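Listed below are the residues making up each chain.
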Amino acid sequence: MDLPLVDVPGGRVEYDDVPGDPALAPLLLLHEGLGSVRLWRRFHHRLAAATGRRAVAFSRLGHGGSDLPTGKRTPRYMHDEAAEVVPEVRAALGLDRVVLVGHSDGGSIALLHAGTAEVEGVVVIAPHVFVEEAGLRGIEQARRDYVEGDLRARMARYHRDPDVTFWNWNDGWLDDAFRDWDIRPELAGITCPVLGMQGTADPYGTVVHVEAVRDRAAGPVTLHVLESGHAPHLERPAEVEAAVADFVRGLG
């Protein structure tokens, strides 16, 4: 089924809105670099059930069934998402109070948004806060999987244009201009509570990213390290959902 659409700068994005207790701040989920609403694999539905909160997930431009972007991404694309797209989604869907839940690139976007906007809490799963050489090797392997393997065919089941989705992400991260991308100085603006989650066998990043959040954010940060790869919410769902439920329960 087609999902509803909401206008954001540059086009329209699809979203899925799971109801919950209106007295509690909703969850807003921000997906990974190759993700979409459907590639959360109903994680937001399970979080809504576990927390009693409304949970909203949307696909960024160029992902899932959302409109295609009008131009090439710049090294500041995550800053642009945090400053321009997330506020529009929040305003359009009535998310005045919100807890952000971000995975990978979505975790970075969540941190950037929380550094300049009012949010009640942030959950980041395998976020990136700088360009790590180990992560670039994982991205290079993804390129080989896309060109030589079956990654393109698998992505085609979930994205309107898998080539746009993949190359916007892969070319962006492997561009020499992206090597200096580093949001660690901006973490000091985060004053709300943060839960940082990281898998020990993640090919795209190590625990140094969530440790940087712990060391630089102004608010309280709890770390949860799991034996998993890049998607602990899919690989260790019960553990992740329980940790998120405990965290948001502590927010009141």
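Check the entry above for the structure.
These remarks concern the structure in this document. (Residues numbered from 1 in each chain as written. Predicted model: local features only at pLDDT ≥ 70, side-chain atom pairs only at ≥ 80, totals over all residues. Heavy atoms only, no water.)

1. Observations concerning the pattern of salt bridges
Then comes step 1: Enumeration over the complete set of coordinates arrives at 15 salt bridges.
Then comes step 2: The residue Asp171 makes a salt bridge to Arg143 at a minimum N-O spacing of 2.8 Å. Here Asp171 is found in helix α6 (residues 162–174), whereas its partner Arg143 is found in helix α4 (residues 133–148), with 28 residues between them in sequence.
Then comes step 3: The exposure class of Arg143 is partly exposed, given its relative accessible area of 29%.
Then comes step 4: For Asp246, the salt bridge identified is with Arg249, shortest N-O distance 2.7 Å. With Asp246 and Arg249 both in helix α9 (residues 237–249) and three residues apart, this pair spans about one turn of that helix.
Then comes step 5: Residue Asp246 is classed as partly exposed on the basis of its relative accessible area of 48%.
Then comes step 6: It is possible to trace a salt-bridge network through shared partners that takes in Arg12, Asp67 and Arg160. (Salt bridge = Lys/Arg side-chain N within 4 Å of Asp/Glu carboxyl O. Helix = DSSP H or I, 4+ residues; strand = E, 2+ residues; numbered from the N terminus. Buried < 20%, exposed > 50% of the residue type's maximum accessible area, 1.4 Å probe, protein only.)

2. Some words on the side chain of His79
Then comes step 1: Tracing the backbone shows His79 in helix α2 (residues 77–92).
Then comes step 2: Contact partners of His79, with chain neighbours within four places excluded, come to Leu112, Trp181, Ile183 and Glu186. (Contact = heavy atoms within 4.5 Å.)

3. Topic: the environment of Asn170
Then comes step 1: Relative to the helices and strands, Asn170 resides in helix α6.
Then comes step 2: For the pair Asn170 and Leu34, spaced 136 residues apart in sequence, the C-alpha separation works out to 9.2 Å.
Then comes step 3: Among all residues touching Asn170, those that are not within four sequence positions of it are Ile139, Ala142 and Arg143.
Then comes step 4: Side-chain polar atoms of Asn170 contact the side chain of Arg143, separated by 2.6 Å. (Polar contact = N/O pair within 3.5 Å; in protein donor to acceptor, adjacent residues only side chain to side chain.)

4. A look at the pairing of strand β6 (residues 121–125)
Then comes step 1: Taking burial as the measure, the five residues of β6 include five buried ones, the bulk of the element.
Then comes step 2: On β6, burial covers both faces: Gly121, Val123 and Ile125 on one face and Val122 and Val124 on the other are all buried.
Then comes step 3: Sheet topology places strand β5 (residues 99–103) next to β6; five bridges connect them, and they run parallel. The residue of β6 that forms the bridge with Leu100 is Val122.
Then comes step 4: You can see the chain leave β5, run along helix α3 (residues 105–114) and come back into β6, and the turn it takes is right-handed.
Then comes step 5: The pairing of β6 with strand β7 (residues 194–199) spans four bridges and is classified as parallel. Looking at β7, one finds that Val123 is bridged to Leu195. (Pairing = 2+ DSSP bridges. Right-handed = clockwise from strand over helix to strand, strands pointing away.)

5. What to know about the environment of Gly149
Then comes step 1: For Gly149, the location among the structural elements is in the loop between α4 and α5 (151–155).
Then comes step 2: Classification of Gly149 by relative accessible area gives partly exposed; the value is 46%.
Then comes step 3: As for Gly149 and Arg216, which are separated by 67 residues in sequence, their C-alpha atoms are 39 Å apart.

6. Let's talk about the packing of aromatic side chains
The geometry of an aromatic ring pair comes down to the distance between the two centres and the angle between the two planes.
Then comes step 1: Considering all chains together, one arrives at 10 aromatic pairs under this definition.
Then comes step 2: With a centroid separation of 4.8 Å and an interplanar angle of 85°, the aromatic rings of Phe166 and Trp167 are classed as edge-to-face.
Then comes step 3: Each ring, one from Trp169 and one from Tyr204, has its centre 6.1 Å from the other, and the planes form 80°; the classification is edge-to-face. Residue Trp169 is found in helix α6, and its partner Tyr204 is found in the loop between β7 and α7 (208–216); the two are separated by 35 residues along the sequence.
Then comes step 4: Over the ring of Tyr77 we find Arg73, and its NZ or CZ is 4.5 Å from the ring centre.
Then comes step 5: Positioned over the ring face of Phe130 is Arg184, at 4.2 Å from the centre of the ring. (Phe/Tyr/Trp six-rings, centres within 6.5 Å; stacked < 30°, edge-to-face > 60°. Lys NZ or Arg CZ within 6 Å of the ring centre and 35° of its normal.)

7. Examining α2
Then comes step 1: Its 16 residues give α2 an end-to-end C-alpha distance of 21 Å, which sits within 8% of 22 Å, the value for a rise of 1.5 Å per residue.
Then comes step 2: Here α2 has its buried residues at Tyr77, Met78, His79, Glu81, Ala82, Val85, Val86, Val89 and Arg90.
Then comes step 3: Looking at the buried positions of α2, the neighbouring elements they touch are β1 (5–8), β2 (11–18), β3 (27–30), β4 (55–58), α3 and α6.
Then comes step 4: Just beyond α2, the residue with positive phi is Gly94, at close to 70°. (Expected span 1.5 Å × (residues − 1).)

8. What to know about the pairing of β1
Looking down a regular strand, the side chains alternate between one sheet face and the other.
Then comes step 1: Alternating residues of β1 divide into Val6 and Val8, all buried, and Leu5 and Asp7, none buried.
Then comes step 2: The pairing of β1 with β2 spans four bridges and is classified as antiparallel. The residue bridging Val6 from the neighbouring strand is Val13, located in β2.
Then comes step 3: Connecting β1 to the next strand, β2, in antiparallel fashion are two residues, including Gly10 with a positive phi near 100°.

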